[in-house]
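# What the coordinates show
This is what each chain is made of:
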Amino acid sequence: MNAAPRHTLADLAQRFALELRGDGAKTIDGVGALATAGATQLGFLANPHYRSQLAASKAGAVILRADDAPHWPGTSLVAADPYVAFARVAALFERTPAAAPGIHPSAVVAPGARVAASASVGPLCAIDAGAIIEDGAVLGPHCIIGPDCIVGAQTRCVARVTLVTRVTLGKRVLVHPGAVIGADGFGLAFDRGHWVKVPQLGGVRVGDDCEIGANTTIDRGALEDTLLEEDVRLDNQIQIAHNVRIGAHTAMAGCSAVAGSARIGRYCLIGGGAGILGHLTIADRVTITARCLVTRSIDHAGEYSSGVPFQPAREWRRNAARFKHLDDLTRRVQALEKDPKP
Amino acid sequence: MNAAPRHTLADLAQRFALELRGDGAKTIDGVGALATAGATQLGFLANPHYRSQLAASKAGAVILRADDAPHWPGTSLVAADPYVAFARVAALFERTPAAAPGIHPSAVVAPGARVAASASVGPLCAIDAGAIIEDGAVLGPHCIIGPDCIVGAQTRCVARVTLVTRVTLGKRVLVHPGAVIGADGFGLAFDRGHWVKVPQLGGVRVGDDCEIGANTTIDRGALEDTLLEEDVRLDNQIQIAHNVRIGAHTAMAGCSAVAGSARIGRYCLIGGGAGILGHLTIADRVTITARCLVTRSIDHAGEYSSGVPFQPAREWRRNAARFKHLDDLTRRVQALEKDPKP
Amino acid sequence: MNAAPRHTLADLAQRFALELRGDGAKTIDGVGALATAGATQLGFLANPHYRSQLAASKAGAVILRADDAPHWPGTSLVAADPYVAFARVAALFERTPAAAPGIHPSAVVAPGARVAASASVGPLCAIDAGAIIEDGAVLGPHCIIGPDCIVGAQTRCVARVTLVTRVTLGKRVLVHPGAVIGADGFGLAFDRGHWVKVPQLGGVRVGDDCEIGANTTIDRGALEDTLLEEDVRLDNQIQIAHNVRIGAHTAMAGCSAVAGSARIGRYCLIGGGAGILGHLTIADRVTITARCLVTRSIDHAGEYSSGVPFQPAREWRRNAARFKHLDDLTRRVQALEKDPKP
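Residues numbered from 1 in each chain as written. Chains lettered and ligands numbered in written order. Predicted model: local features only at pLDDT ≥ 70, side-chain atom pairs only at ≥ 80, totals over all residues.

## Notes on the overall build of chain A
Our working rule: The helix count covers DSSP runs of H or I at least four residues long, the strand count covers runs of E at least two residues long, and both are numbered beginning at the N terminus. Computation of the radius of gyration draws on C-alpha atoms alone. For the globule rule, the value is 2.2 Å times the number of residues to the power 0.38. Burial is judged by counting the other C-beta atoms within 10 Å of a residue's own C-beta: 20 or more makes it buried, 12 or fewer makes it exposed, and any count in between marks it as partly exposed, with every C-beta position built from the backbone. We call two residues in contact whenever the C-beta atoms placed from their backbones are within 7 Å.
Counting its regular elements, chain A contains four helices and 40 strands. In summary, chain A has a C-alpha radius of gyration of 26 Å against a globular reference of 20 Å for 342 residues, an excess of more than 25%. Each principal axis of the C-alpha atoms in chain A carries an extent, and together these give about 85 × 65 × 35 Å. Counting the 342 residues in chain A, one finds 57% classified as buried. When contacts within chain A are restricted to residue pairs at least 6 apart in sequence, long-range pairs at least 24 apart make up 20% of them.

Now the structure itself:
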């Protein structure tokens, strides 16, 4: 590792179009939380709710909103959205492993594969004859790029990513280890007591600027392609079944799942562990809370939930047992309403 | 890739015992959905509900039921079950990567491993001394075959499959990337404030014609084997704990899970995200709907569900809060029934 | 594989401080369940509920409690906790693959990586320049050890384990195949219609004696580290988000998940498929039952649950439909209580 990068606050203010208040010559060599940032680190205050943390912070400088600035006596960078500004500044301090152009000698690249001279192919990758790796793409160790797969320019497969077949990743896509993209969709027909496999002849298309989490799976389509539009963000261990379509800028949290042929709109937020059944259509700007199971199409933007609250187990058991008779209870109340003195 | 295969309709009719109506000399070079299939492609109509799509279809021919045939003016193949027939025909057009017999020079095969001459071992596989790869089996890139593991004849591990130890795959099994079969079951004993690991001395046996999805995990047994009978079909990201037994022809959808020592019958259908607790017994021909948690044994065939419906979050919150008092509400209704004028 | 190890009962009694009753010269070559153990195998009875199985058992000897000993006519080893004693004895019969010290010639170890002479690096591992592998550590085939990662002494990565970056595993940790530790946490800021990635600058620290299941994912922290204290036990397909902290001796069953920055206490038991939302704090010795979703912090030890019981689908549908009107039903009961004759 090289030495940590260093930046003056004046430089950061100019680079990210922030307003500097205080000593622009001060040098920053890292970022941190308000509570733990040191004298050469930059902290941030995104939520005014935590404004009281400013008093105790030892940060060398703070990114904050203009409204919060009077509460910080030190040097600050004022931003309309401190969290976004912090994300941009912090990126200067992320040290991703160097990825020199070229193919590591231990990688197995089949004759016929096209790998751009500016691309980097890491140790022990396996690239099929029919694959294309475009300019500046980076494959970390142990990636598998199967037949008819394209890795777009500047896209990075961190390590151990599997593109099975007929997968196209757009530009600047980021894929984390263990992700499997383009495996067979789960298609079965039932014939006289046995399952018959339905061939999965489609592929997967992933738009520009998408992110795909660790151990997430995206199956290829049966006849047409499974599709992620641009800037879709998937966390870890998500399951996307065949022929699903996900609209641009939608983000899904860990362990959520979408069944076959469902269509999800743009700018949706899908909570952790949420599920969407097959063949449904979800409108744009729909929020699904954690663990909600969506069983019908949603036509309107808004927030949707299911489930029951957790409780101490003894109390929960009593309530849960009553749920099995909720229809009966409702009928009994109806009877009382009709004739309160039976 | 070679050119797409081509088949005359007369040939398809004969090969799959379908009734040809129309021009048997017509040539087909692919399959597609009714709405998108072109003049040289074969479409299908499995569900009479979509019969109206026939009018607009540009498909070169259609597989359909005799009842639907009068609604299609073009050439058709009449089948008792068009979806099954379509699955069989479509398989002719699936182009799986060629797998030449032999061991790729980058694979690491320990001395003592037995690999059939007709088997194919792909790039960067690692095969332990005690492993056996039978006739015609195909290991794609990056497979790990551990000690005392057997890969049956014609079985295909697509890529990056891990058989940890004491795993036997039957014949014609299909395993997708990221699957881990034969890892330690989760066995712990608690001793004076610390966990003691319970050794997992069993294995895993997978029957003929099973399919195992991407990133699915099947643990090996504690004392005896975890067992999948023949023709069990598992989708992606399924978790099968140690000593589970799954009956023949059962299919499980993505993200479902079965806890230790549960026994599932034959011809069951387990929905996406469903869960089955440990040590339960599930009868044959049981259907579990998506996300249902099965907490007791099921003795009778039938369909079972749990959960509550999703709603707009504001409405849901009001109802969910009341759930915490459902036992109390029931008692209050009982009181009203006894004495409506308290 | 070598021949199975053999031990006399006298030897086992002495080694594990158990009380021998009967023939100490008898030789044992394996362990088994009471119902299936043979004449040279050792069975165990941990739960007095199954005492009746003693009568039919053909086991060569049995580990049991003093209270149960009179019900077994053969040789026995008497233990205060038979399950713990069985776990220790069974470990003698677990034959883990030999791991000779040294680096397999197919592994790719970057110059600069430090690998202890007593460590074992298996086939096709990829070790980054900044990694450290300590004394007696074992990496099975296909492990990836990324930059700034440390594998502690005697730790074993079974196969195909990925340590992405800034991951420290303590001593005697056991990690199963497909686990991904140290991938980016899921941090996003929203800026004028697009997502901006929030760099994940922290790492992951895993304490001594932890176990991490197959295909489990543990993300690295945003600014500080994700942390597992010692003796934490994670089953398969668990998702641990960035900046989570898990207290010592906590065990989590398969498919459970913890969202970002949650803190879980010591000696907790988290059931299969349970979920814990972000930024919550869970006290020590809390038990969460299977599939429970924890939506608020828990201050007291105890057992907590959520969900509704499963039922035959027809009955369930009627009750579930009523849930959507539970708030209204409660208000109607309130009205009846106020004025039973409206």
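## Observations concerning the relation of the copies chain C and chain B
So the rule is basically this: Here the copies are superposed with least squares, the fitted atoms being C-alpha atoms of residues at a pLDDT of at least 70 in both.
For the pair chain C and chain B, the relating rotation is 120°, the translation along its axis is 0.0 Å, and the fit reaches an RMSD of 0.1 Å. Viewed as a symmetry operation, the transformation between the two copies matches a three-fold axis.

## A look at the nonpolar core
Quick reminder of the rule: Working definition: the nonpolar core is a set of buried Ala, Val, Leu, Ile, Met, Phe, Trp, Tyr and Cys residues, joined through C-beta atoms within 7 Å.
Counting residues in hydrophobic clusters, the biggest one holds 230 residues, and the most contacted among them are A:Ile127, A:Val294, B:Val294 and C:Val294. Excluding residues within four positions of it along the chain, A:Val294 makes contact with A:Gly275, A:Ile276, A:Leu277, A:Leu280, A:Ile282, A:Ile288, A:Tyr304 and B:Phe310.

## Some remarks on the sheet that holds strand E16 (residues 150-151) of chain A
Residue and element names in this part refer to chain A. Keep this limit in mind: We call two strands paired when DSSP finds no fewer than two bridges between them.
One open sheet holds the nine strands; their spatial order is E10-E13-E16-E19-E24-E27-E30-E33-E36, and the pairing between them is parallel. Because the sheet does not close on itself, it has two edges, and the strands there are strand E10 (114-115) and strand E36 (281-282). Taken together, the two bridges between strand E27 (residues 226-228) and strand E30 (residues 245-246) define a ladder with parallel strand orientation. Residue pairing in the sheet places Leu 227 in a bridge with Arg 245 of E30.

## Some points on the interface of chain A and chain C
Tallying the contact residues gives 61 residues for chain A and 62 residues for chain C. Of all the secondary-structure elements, those providing two or more residues to the side of chain A that touches chain C are helix H2 (82-90), strand E40 (311-312), helix H3 (313-323) and helix H4 (326-338) of chain A. Sort the elements by how many residues they give to the side of chain A that touches chain C and H4(A) lands first, with six residues. Pairing geometry for E40(A) and strand E39 (residues 302-305) of chain C, over two bridges, is antiparallel.

## Structural notes on the sheet that holds strand E6 (residues 61-64) of chain B
All names here are of chain B. Across the sheet, five strands lie side by side as E2-E7-E6-E5-E4; this open sheet has mixed pairing. Edge positions in the open sheet fall to strand E2 (19-21) and strand E4 (30-31), since each of these has one partner strand only. Summarising the sheet, E6 and strand E7 (residues 75-78) pair through four bridges and their orientation is parallel. Looking at E7, one finds that Val 62 is bridged to Ser 76.

## Some thoughts on the environment of B:Ala126
As for its position among the elements, B:Ala126 is in strand E12 (residues 126-127). The sequence separation of B:Ala126 and B:Gly146 amounts to 20 residues, and the corresponding C-alpha distance is 8.1 Å. Those residues in contact with B:Ala126 that sit more than four places away from it in its chain are B:Val108, B:Ile144, C:Pro123, C:Leu124, C:Pro141 and C:His142.

## Considering the confidence of the model for chain A
Cut-off, in case you're wondering: As a per-residue measure, pLDDT tells how confident the predictor is, with possible values from 0 to 100.
On average, residues of chain A carry a pLDDT of 95, and 98% of them reach 70 or more. For this predicted complex, the interface score ipTM comes out at 0.96, alongside a pTM of 0.97.

## Some details on the packing of helix H3 (residues 313-323) of chain B against helix H4 (residues 326-338) of chain C
Quick note on the threshold: The angle between two axes is taken between their N-to-C directions and runs from 0 to 180 degrees, where each axis is a line fitted to C-alpha atoms and a helix contributes only its stretch in contact. For this classification, under 35 degrees means roughly parallel, over 145 means roughly antiparallel, 65 to 115 means roughly perpendicular, and everything else is oblique. For this scheme, ten residues count as nonpolar: Ala, Val, Leu, Ile, Met, Phe, Trp, Tyr, Cys and Pro. Four count as charged, namely Asp, Glu, Lys and Arg, and the remainder, Gly too, count as polar.
In the contact formed by H3(B) and H4(C), the axes pass within 7 Å of each other and the chain directions differ by 60°. The orientation of H3(B) with respect to H4(C), classified from their angle, is oblique. Listed contacts from H4(C) to B:Arg318, B:Asn319, B:Arg322 and B:Phe323 of H3(B) are C:Leu326, C:Asp327 and C:Thr330. Per-class residue counts for the contact of H3(B) with H4(C) are two nonpolar, two polar and three charged.

## A few points about the environment of C:Arg291
On the secondary structure map, C:Arg291 appears in the loop between strand E37 (286-288) and strand E38 (293-294). The exposure class of C:Arg291 is buried, given the 27 C-beta atoms found within 10 Å. Taking the C-alpha atoms as reference, C:Arg291 lies 7.4 Å from C:Gly307; in sequence the two are 16 residues apart. Excluding residues within four positions of it along the chain, C:Arg291 makes contact with B:Gly275, B:Leu293, C:Gly271, C:Gly273, C:Ala274 and C:Gly307.

## Things to note about unusual backbone geometry
Most peptide bonds are trans, and most residues other than glycine sit at a negative phi. We note that B:His142 has phi near 70°; this positive angle belongs to a residue other than glycine. Turning to its location among the elements, B:His142 is positioned in the loop between strand E14 (138-139) and strand E15 (144-145).

## Quick word on H4(C)
Test applied: Expected helix span is computed as 1.5 Å times (number of residues minus one).
End to end, H4(C) covers 18 Å across 13 residues, agreeing with the expected 18 Å (1.5 Å per residue, within 8%). In this structure, the buried side of H4(C) is in contact with H4 of chain A, H3 and helix H4 (326-338) of chain B together with helix H3 (313-323) of chain C.

## Focus: the domain arrangement of chain A
Selection criterion: Note that domain bounds follow an automatic or database assignment of domains.
Assigned domains of chain A: these are domain 1 (7-93), domain 2 (102-304) and domain 3 (313-342). The centre of domain 2 of chain A, based on its C-alpha atoms, is set 46 Å off from the matching centre of domain 3 of chain A.

## A few points about the interface of chain C and chain B
Each partner contributes to the interface: chain C provides 61 residues, whereas chain B provides 63 residues. Of all the elements in the fold, those that place two or more residues in the side of chain C that touches chain B are helix H2 (82-90), strand E40 (311-312), H3 and H4 of chain C. The element that contributes the greatest number of residues to the side of chain C that touches chain B is H4(C), accounting for six residues. Class assignment for the residues of the side of chain C that touches chain B results in 33 nonpolar, 17 polar and eleven charged.

## Focus: the pairing of strand E23 (residues 194-197) of chain C
Residues and elements named next belong to chain C. Pairing of strand E22 (residues 188-191) with E23, which is carried by four bridges, proceeds in the antiparallel orientation. By the bridge assignment, Leu 188 is partnered in E23 with Lys 197. Connecting E22 to the antiparallel partner E23 that follows it, the hairpin turn spans two residues, and Arg 192 within it adopts a positive phi of roughly 45°.

## What about H3(B)?
Note the cut-off: The directions considered for the arc are those from the helix axis to the C-beta atoms.
Within the sequence span of H3(B), burial applies to B:Trp316, B:Asn319, B:Ala320, B:Arg322 and B:Phe323. Projection of H3(B) onto a plane perpendicular to its axis shows the buried side chains occupying an angular sector of 155°, all on one side. Against strand E39 (302-305) and H3 of chain A, strand E40 (311-312) and H4 of chain B together with H3 and H4 of chain C lie the buried residues of H3(B).

## Quick word on the environment of B:Ala129
Residue and element names in this part refer to chain B. Residue position: Ala 129 is located in the loop between E12 and strand E13 (132-133). Note: C-alpha distance between Ala 129 and Leu 12 (117 residues apart in sequence) is 45 Å. For Ala 129, the residues in contact, after removing those within four places along its chain, are Ala 110, Pro 111, Gly 112 and Ala 113.

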